[in-house]
Every structure is written in structure tokens, then in C-alpha cells.
Amino acid sequence: MKLLGVAGALLAAIGLSGQAPPAKYVAGQVWEYRTRQQDTGSLLKVQRVEMMGAKKVYHISVVGVHFSTPGIAGVLPHIPVSDETLDASVTRLSATKQDFPTTALDEGIEEWRKAQGGVFTIPMSQIVGIVDDQTAKARMQTEEPPEGSQ
């Protein structure tokens, strides 16, 4: 009888008790993450969590980004990411009170669904770098060439 009690305790301790472990990432959490050097102090917020097949999708917003293109706001209102992204990026929960976008988040999620978009699996610093590069390229393409150049 004593052996069964020990076995039961061991099973419970290693998570075989039939209960799911608590979720690591939940809506409303604000996290510090491994940023690019210029984005020190930037934060991300898990805005929503949903299932995409058997995988979780975390709809996050990021504030405090320093883009290389002048005049671009330092906010990314919607980025769909995976457990892998968060596991490779977050460092600790933040106690900082920070405003995060909600209206642009809803629009971003709706556009993502319509496009049947994917989910990032790379670290946040790489995602922010890609967005920064694409923003700079888009700005360069929309600027008019100087007078006399053709």
C-alpha cells in the first residue's frame, strides 16, 4: 500500500495525474524580451490566444520599437507568433504599466484571418528586424526620385 502511495505521488509530480499543466502564455501578460540593441525597453503583450489546428497562435502587440525610418511609430499592433517564438524571446513578465493598441489589433487579426496568414516561429528580435527592413524598403519605393534623375 505504501508503494502505491509513493508511485501516485511520483506520477502527480511528473505531470501524469491527468491534469493539464497551466498555460505558460495567456492573454493579458506583458513580457520583456530579447530585443535588438536599439529596442532596449521594448515590451510585448499577449493580446489573444487561439488554436490553429493543434497549435496555439499568440496574437501579440509590441511597443517601444525604434525603427530606422524616421517618423514611423514604434508600435507593432499585431504579430501572430508561436510557442517557439515566445520561448526563444521572452525573458520575464513585466510589471510595467504600458498602453498597447487594441483597435489596430482587431484590424490586424481580421486581415490575418482573411489572408489565411501564417505564424512566426523565429525570435522576436528577428521579426522586428524584418519589419524594420521592409518598412524602410517600402518608404524608399514610395519616395519620388530627385529632380533631373531618370
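Data block above holds the structure.
Quick summary incoming for the structure in this document. Per chain, the residues get numbers from 1 upward, laid out in the order the sequence is written. In keeping with the predicted nature of the model, local features appear solely for residues at pLDDT of at least 70, side-chain atom pairs appear and are counted solely at 80 or more, and the whole-chain, interface and lining totals rest on all residues. Remark: hydrogens and water are excluded; side-chain values derive from all non-hydrogen atoms of the structure.

**Observations concerning the overall build of the protein**
- Looking only at helices and strands, the protein features 4 helices and 5 strands.
- The helix and strand sequence of the protein, counted from the amino end, reads α-β-β-β-β-α-β-α-α.
- Out of the 150 residues belonging to the protein, those deemed buried represent 31%.
- Only heavy atoms enter the contact rule, under which two residues are in contact if any of them lie within 4.5 Å. Across the protein, contacts joining residues at least 24 apart in sequence account for 62% of those joining residues at least 6 apart. Labels follow the DSSP assignment, with helices taken as runs of H or I lasting at least four residues and strands as runs of E lasting at least two, numbered in each case from the N terminus. We call a residue buried when its accessible area falls under 20% of the maximum for its residue type, exposed when it is over 50%, and partly exposed in between, using a 1.4 Å probe and counting protein chains only.

**A word on the environment of Val75**
- Within the secondary structure layout, Val75 lies in strand E4 (residues 75-81).
- With 32 residues separating them in the primary sequence, Val75 and Leu43 have C-alpha atoms 9.9 Å apart.
- Not counting the four nearest positions on each side in its chain, Val75 is found in contact with Val62, Val63, Phe67 and Pro101.

**Examining the side chain of Ser82**
- Relative to the elements of secondary structure, Ser82 occurs in the loop between E4 and helix H2 (83-89).
- Ser82 gets classed as buried once you look at its relative accessible area, which sits at 6%.
- Looking at Ser82, its side chain comes within polar contact range of the main-chain oxygen of Phe120, at 3.0 Å.
- When residues no more than four places from it in sequence are discounted, the contact partners of Ser82 are Lys56, Tyr58, Val119, Phe120 and Thr121. Any N or O atom pair separated by 3.5 Å or less is treated as a polar contact, with the protein-specific requirement of one donor-capable and one acceptor-capable atom, and with residues adjacent in sequence counted only for side-chain atom pairs.

**Describing the pattern of salt bridges**
- The working definition used for a salt bridge is a side-chain nitrogen of Lys or Arg within 4 Å of a carboxyl oxygen of Asp or Glu. For the structure shown, the criterion picks out 8 salt bridges.
- Lys24 is the salt-bridge partner of Asp87, the closest N and O atoms lying 3.1 Å from each other. Taken together, the residues span a long stretch of sequence, with Asp87 in helix H2 and Lys24 in the loop between helix H1 (2-13) and strand E1 (30-33) at a distance of 63 residues.
- Its relative accessible area of 40% is what places Asp87 among the partly exposed residues.
- Note that Asp39 is salt-bridged to Arg36, the shortest N-O span being 2.6 Å. Pair check on accessibility: Asp39 and Arg36 agree, each one buried.

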